[in-house]
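Structural overview
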Amino acid sequence: MPDRAWFWDRIARRYARTPVPDADVYERKLASTRARLTPVSRVLELGCGTGTTAVKHAPHCARIDAVDVSPAMIEIARGRARGAGVENISFNVGTVEDFTAPPESYDMVMMHSLLHLLDDPRTAIEKAARLLKPGGWLVSSTTATGDDGLALIALLMRPAAALGFLPRLNGLTADTLRRMMTDTGFEIVEDWKPRPRQAVFIVARKI
């Protein structure tokens, strides 16, 4: 079975050229995130893709450490930051599972379009809790692939996903995602799903 990086490496350049599907929704998410940043905030983005969101937030915080499993995505992200004149982001290849940093290193952890792709999303949320300072923010945008009839689609995708032609989806539901966060010591302060079958945007504070 191909590893996760293989699929994302293969589509990286096409992914980078694809416009944001709903600009108004994206801008609302950006604004909500920025409202919780300060000039001294240190941010971690896990699953940063081609770096669009990190580059947009960079002027509003002190530093962003951004990680993605795909070397091709990271190469594009670094070029994007250089083109924007952004110097306070460190883009590195790595997995959620392998990423390490001292406890309470960050003021915010972002996970966009990531948790529904992981074999063990709970472990990722637990890692975010360890890495965040008390009162720090977990900001996520997650397609609940177990809701809105998407579970059948995820099931039908499995053969192609096993061959690396599509991403693997874990069937996560929005209710399970919320429960994972609250069980891990987060208080959900924003929970927004613009329309059915769109990602649920959750902002949670570490208690």
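Preceding this paragraph is the structure being described.
One structure accompanies this document, and this report is about it. (Residues numbered from 1 in each chain as written. Predicted model: local features only at pLDDT ≥ 70, side-chain atom pairs only at ≥ 80, totals over all residues. Heavy atoms only, no water.)

On to the packing of aromatic side chains. Within the structure shown, the criterion is met by two aromatic pairs. Measuring from centroid to centroid gives 4.7 Å for Phe7 and Trp8, while their planes differ by 80 degrees, and the two rings are edge-to-face. Each ring, one from Trp8 and one from Tyr15, has its centre 6.3 Å from the other, and the planes form 85 degrees; the classification is edge-to-face. According to the relative accessible area criterion, Tyr15 is partly exposed, its value standing at 40%. Taken together, Phe7, Trp8 and Tyr15 form an aromatic cluster joined through their ring pairs. Looking at Arg36, its charged tip hangs above the ring of Trp137, at a distance of 5.0 Å from the centre. (Phe/Tyr/Trp six-rings, centres within 6.5 Å; stacked < 30°, edge-to-face > 60°. Buried < 20%, exposed > 50% of the residue type's maximum accessible area, 1.4 Å probe, protein only. Lys NZ or Arg CZ within 6 Å of the ring centre and 35° of its normal.)

Okay, the nonpolar core next. Leu46, Val109, Met111, Leu115, Leu138 and Met181 are the most contacted members of the largest nonpolar core, which totals 26 residues. For this core, the secondary-structure elements that each account for two or more residues are strand 1 (42–46), strand 4 (106–112), helix 5 (121–131), strand 5 (132–142), helix 7 (174–183) and strand 7 (200–206). The next biggest cluster of nonpolar side chains, apart from the first, holds 23 residues, and it includes Ile64, Met108, Met110 and Phe201. (Core = buried A, V, L, I, M, F, W, Y, C linked by side-chain atoms within 4.5 Å. Helix = DSSP H or I, 4+ residues; strand = E, 2+ residues; numbered from the N terminus.)

You will see that Glu104, though not glycine, has its phi angle at about 60 degrees, which is positive. Mapped onto the fold, Glu104 is located in the loop between strand 3 (89–93) and strand 4. Among the residues examined, Glu104 registers a relative accessible area of 44% and is labelled partly exposed. One non-glycine residue, Ser113, adopts positive backbone phi at about 55 degrees. By secondary structure assignment, the location of Ser113 is in the loop between strand 4 and helix 5. Given a relative accessible area of 45%, Ser113 falls into the partly exposed group.

Burial of strand 1 is extensive: four of the five residues sit out of reach of the surface. Sheet analysis places strand 1 next to strand 2 (residues 63–68), joined by five bridges and oriented parallel. Bridge assignment links Leu46 to a residue of strand 2, and that residue is Val67. (Pairing = 2+ DSSP bridges.)

Packing of helix 5 against helix 7 brings their axes to within 9 Å, and their N-to-C directions diverge by 35 degrees. Of the two elements, helix 5 crosses helix 7, and the hand of that crossing is right-handed. Across the interface between the two elements, Pro121, Arg122 and Ile125 from helix 5 touch Leu177, Met180, Met181 and Asp183 from helix 7. Its residues placed into classes, the contact of helix 5 with helix 7 shows five nonpolar, no polar and two charged. (Axes fitted to C-alpha atoms, helices over the stretch in contact; angles between N-to-C directions. Left-handed = near helix turned anticlockwise from the far one by under 90°. Contact = heavy atoms within 4.5 Å. Nonpolar A, V, L, I, M, F, W, Y, C, P; charged D, E, K, R; others polar.)

Let us now look at the pairing of strand 2. Counted residue by residue, strand 2 has five buried out of six residues, so it is predominantly covered. Note on the crossover from strand 1 through helix 3 (residues 52–57) to strand 2: the handedness is right-handed. Here strand 2 pairs with strand 3 via five bridges, running parallel. Across the sheet, the residue bridging to Asp65 is Ser90, located in strand 3. In this region the chain leaves strand 2, passes through helix 4 (residues 71–84) and returns to the parallel neighbour strand 3; the handedness of that crossover is right-handed. (Right-handed = clockwise from strand over helix to strand, strands pointing away.)

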